[in-house]
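# A look at the structure
Listed below are the residues making up each chain.
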Amino acid sequence: MKFFIDTANLDQIREAQDLGVLDGVTTNPSLMAKEGITGDQNVINHYKAICDIVDANVSAEVISTDYESMIKEGEALAKLDPKIVVKIPMIKDGVKAIKYLSSKGIRTNCTLIFSAGQALIAAKAGASYVSPFLGRLDDISTDGFQLIEDIRLIFDNYQYETEILAASVRGPMHIVNCAKLGADVMTGPLSAILALMKHPLTDSGLAQFLADHAKAAGK
Ligand code: G3P
């Protein structure tokens, strides 16, 4: 399973990269705004800064919503760095833009996926990734894991190469359950990735090992 970090925060991206388990970064306009990144040139510079930190792919989202502007924006983003994957929203013009960009060899991530039908049409258009928003479905008492399972079944039925990128992941059990269901990728906050390593029995077990070692050494 690939691990992406869902943030535009450079310190957190660096920390995840240093951990050695990072396969990619996803951003969106809200995450950029959260870091105070505004203005077209600043956004572009920030994408370049992220690409300089990671050895992995970086999803950069278009803000246009019509076909012509989305492909223009998508082509410009893709030219910034070979690591860029163009993130396109699941709307009618977005599907057309995914079809066009994928025909030009530009990788795309279809975002704001909330149903299996949306994932299916994005895959047919040639999206490299579909991003079902697990956490936001859970927020409205809808089973996000069922959506991952349904998309997995459909993509396997037809051998679609589109990768399932479980997004809007909020915690470690989201990651574990997505892995059990066969999501290809998860994107979540650094806190969810770090939480995977924690167990109270690990902490108490290590403390005991070190105490026994010190005692045996007469310290
Ligand atoms: O990047 C898209 C997605 O992961 C957003 O997550 O936490 O805002 O629902 P969240």
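Under an unreviewed UniProt entry, the chain has the name Probable transaldolase and belongs to Pedobacter gandavensis. We quote the UniProt Catalytic activity (unreviewed entry) comment for the chain here in full: "D-sedoheptulose 7-phosphate + D-glyceraldehyde 3-phosphate = D-erythrose 4-phosphate + beta-D-fructose 6-phosphate".

### Focus: the site of the ligand
D6, N28, K87, F133, R136, A167, S168 and R170 make up every residue found near the ligand. D6 is positioned with one of its side-chain polar atoms (N or O) 2.5 Å from an oxygen atom of the ligand. Between the ligand and R136, the relevant distance is 2.7 Å, taken from an oxygen atom to a side-chain nitrogen or oxygen of the residue. Bound to the protein, the ligand loses 82% of the 310 Å² it would expose on its own. Grouping the constituent residues of the shell around the ligand by class yields 2 nonpolar, 2 polar and 4 charged.

### Looking at the sheet that holds strand 2 (residues 24–26)
As summarised here, the arrangement of the 8 strands in space is 1-2-3-4-5-6-7-8, forming a closed barrel in which the pairing is parallel. Ignoring which end each strand starts from, the neighbouring axes of this sheet average 25 degrees apart. As judged from the 3 bridges shared by strand 1 (residues 2–6) and strand 2, these two strands associate in the parallel manner. Within strand 2, the residue paired with D6 across the bridge is T26.

### Focus: helix 6 (residues 116–125)
Those residues of helix 6 that sit buried are A116, A119, A122, A123 and A125. Those residues of helix 6 hidden inside the fold are in contact with helix 5 (92–103), strand 5 (108–113), strand 6 (129–132) and helix 8 (144–157). Two residues or fewer past helix 6, G126 is found with a positive phi of approximately 100 degrees.

### Side note on the packing of helix 5 against helix 6
The axes of two packed helices give the description: the angle between them and the distance between them. With their axes 8 Å apart at the nearest point, helix 5 and helix 6 run at an angle of 30 degrees to one another. One element, helix 5, and the other, helix 6, form an angle in the roughly parallel class. Residues V95, I98, K99 and S102 of helix 5 touch helix 6, and the partners they reach there are I121, A122, K124 and A125. A breakdown of the residues in the contact of helix 5 with helix 6 according to their chemical character gives 5 nonpolar, 1 polar and 2 charged.

### Focus on the pattern of salt bridges
Oppositely charged side chains can pair when the atoms bearing their charge come close. Counted under the stated rule, the structure contains 7 salt bridges. Notably, a salt bridge pairs R14 with D11, separated by 3.0 Å at the nearest N-O pair. Note that R14 and D11 are positioned in helix 1 (residues 10–19) at a spacing of 3 residues, about one turn of the helix. The residue D156 makes a salt bridge to R152 at a minimum N-O spacing of 3.1 Å. Taken together, the residues D156 and R152, both in helix 8 and 4 residues apart, mark about one turn of the helix. Owing to a relative accessible area of 44%, D156 belongs among the partly exposed residues under this scheme. R152 gets classed as buried once you look at its relative accessible area, which sits at 14%.

### Remarks on the packing of aromatic side chains
Per the counting criterion, the structure on display carries 5 aromatic pairs. A ring pair is formed by F114 and F133, whose centres lie 5.4 Å apart and whose planes are at 65 degrees; its orientation type is edge-to-face. Pair noted here: F114 is in the loop between strand 5 and helix 6 and F133 is in the loop between strand 6 and helix 7 (134–139), with a separation of 19 residues, a long-range link. Ring plane angle 40 degrees and centroid distance 6.2 Å describe the contact between Y158 and Y160, whose orientation is recorded as tilted. By relative accessible area, Y158 is classed as exposed at 55%. Every member of this aromatic cluster is reached through a ring pair, and the members are F155, Y158 and Y160. Lying across the ring of Y67, K96 places its NZ or CZ 5.0 Å from the centre.

Cut-off values and rules
Counting starts from 1 at the beginning of each chain's written sequence and moves along it residue by residue. Under the rules for a predicted model, residues below a pLDDT of 70 receive no local features and side-chain atom pairs below 80 are neither given nor counted, while totals for whole chains, interfaces and linings still include all residues. Computation of side-chain values covers all heavy atoms of the structure but excludes hydrogens and water. UniProt positions are given in the numbering used here, feature names are shortened, and annotations may be inferred rather than shown by experiment. We call a residue near a molecule or strand as soon as one heavy atom of that residue lies within 4 Å of the molecule or strand. We call two N or O atoms a polar contact when they sit within 3.5 Å, provided that within protein one can donate a hydrogen and the other can accept it, with sequence-adjacent residues counted only if both atoms are side-chain atoms. Shrake-Rupley sampling with a 1.4 Å probe provides the accessible areas, and residues are treated as covered by the protein chains on show and by no other component. Note on residue categories: nonpolar means Ala, Val, Leu, Ile, Met, Phe, Trp, Tyr, Cys or Pro, charged means Asp, Glu, Lys or Arg, and polar means any other residue, Gly included. Paired strands, as defined in this entry, are two strands with at least two bridges between them according to DSSP. A run of H or I in DSSP counts as a helix once it spans at least four residues, and a run of E counts as a strand once it spans at least two, with each numbered from the N terminus. Note on definitions: angles span 0 to 180 degrees between N-to-C directions of axes, and those axes are lines fitted to C-alpha atoms, for helices only across the stretch in contact. The classification of residues rests on relative accessible area computed with a 1.4 Å probe and restricted to protein chains. Under 20% of the type maximum is buried, over 50% is exposed, and intermediate values are partly exposed. Residue contacts are counted whenever heavy atoms from the two residues lie within 4.5 Å of one another. Each angle gets one of four labels, with under 35 degrees taken as roughly parallel, over 145 as roughly antiparallel, 65 to 115 as roughly perpendicular, and the rest as oblique. Only one rule defines a salt bridge in this text: a Lys or Arg side-chain nitrogen within 4 Å of an Asp or Glu carboxyl oxygen. Only Phe, Tyr and Trp rings are paired, with Trp represented by its six-membered ring, and only when their centres lie within 6.5 Å; those with planes under 30 degrees apart are stacked, over 60 edge-to-face, the remainder tilted. Lysine and arginine charges are scored as sitting over a ring when NZ or CZ, respectively, is within 6 Å of the ring centre and within 35 degrees of the ring normal.

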